[in-house]
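# Descriptive structure summary
Given next are the chains, with one letter for each unit.
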Amino acid sequence: MRDLRWKVLSTSYVYENKWFHARADSCELPDGRIIEPYFVVELPDFCNTIVVTKDEHIIMVRQYRYPIDQTTYELPGGVIEKGEDPAIAALREMREETGYISNDIEFLYKAAANPALNINTAHFYLVRNAEPSGKDQPDELEDIDVVRFSKTEFIRMLQENKFQHGVQIGGMYAAMIRLGWLNYP
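I will try to describe carefully the structure that is included in this document. A quick note: this is a predicted structure, and the numbers were derived from the prediction, not measured.

### Observations regarding the overall build of the protein
Counting its regular elements, the protein contains three helices and eleven strands. Judged by the C-alpha coordinates and their principal axes, the protein covers about 60 × 45 × 35 Å. Evaluated residue by residue, the protein yields a buried proportion of 38% over its 185 residues. Carbon and sulfur atoms provide 51% of the accessible area of the protein, an area that totals close to 11300 Å². Here the protein contributes 20 positive and 29 negative side-chain charges, whose respective centroids are spaced 5 Å apart.

Okay, here's the thing in structure tokens:
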């Protein structure tokens, strides 16, 4: 198989802050063509958790997303701090955003969030037997509602395209496969 990797000729950062770095690279393709600028967005890795209670309800968060001007239903999750174990981050984010706790956590998969533009990785976990602790602690600028869906409601909403966070949908299906909630023909 031929090598498809690009050679980086130069990199220039065009914007940087705590959570977001954008750079413009000059790259040489294997056939010698040059692409410049090729913009790359550096974002931190993040985690999302499919939270399932003992009675098979799914716990999600409801929040407004300014870029798309919509209120969405999403999996609890957030940024993995530098050096933090992704599973620990998933449990932390679940507790902070929903107030639910559990130690019954299972890694589902990790994937590049948007490999054409971003460098970050998304980590997905399934948490079973979650129970409310009554101690949610959302981040300072998070304005979220905790919502609870039955298994039937969750599957119906997924089939009706009610979830808008595209990166999370794969995690939802992976969890349903692991839980045995999908019917195969």
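### Considering the environment of Q137
Within the fold, Q137 resides in the loop between strand 10 (121-132) and strand 11 (144-150). For Q137, a relative accessible area of 47% corresponds to the partly exposed category. For Q137, the residues in contact, after removing those within four places along its chain, are R95 and E96.

### Quick look at the side chain of T53
Inspection of the secondary structure assignment puts T53 in strand 4 (residues 46-53). Classification of T53 by relative accessible area gives buried; the value is 5%.

### Side note on the side chain of E97
Position of E97 relative to the elements: it lies in helix 1 (residues 86-98). The charged side chain of E97 is buried without a salt bridge, its nearest counter-charge being R65 at 6.8 Å. A distance of 3.2 Å separates the side chain of E97 from the backbone nitrogen of G77, its partner in a polar contact.

Conventions we followed
Residues numbered from 1 in each chain as written. Predicted model: local features only at pLDDT ≥ 70, side-chain atom pairs only at ≥ 80, totals over all residues. Heavy atoms only, no water. Helix = DSSP H or I, 4+ residues; strand = E, 2+ residues; numbered from the N terminus. Buried < 20%, exposed > 50% of the residue type's maximum accessible area, 1.4 Å probe, protein only. Areas by Shrake-Rupley, 256 points an atom, 1.4 Å probe, with all protein chains shown as cover. Lys, Arg positive; Asp, Glu negative; His and termini not counted. Charge placed at Lys NZ, Arg CZ, Asp CG, Glu CD. Contact = heavy atoms within 4.5 Å. Salt bridge = Lys/Arg side-chain N within 4 Å of Asp/Glu carboxyl O. Polar contact = N/O pair within 3.5 Å; in protein donor to acceptor, adjacent residues only side chain to side chain.

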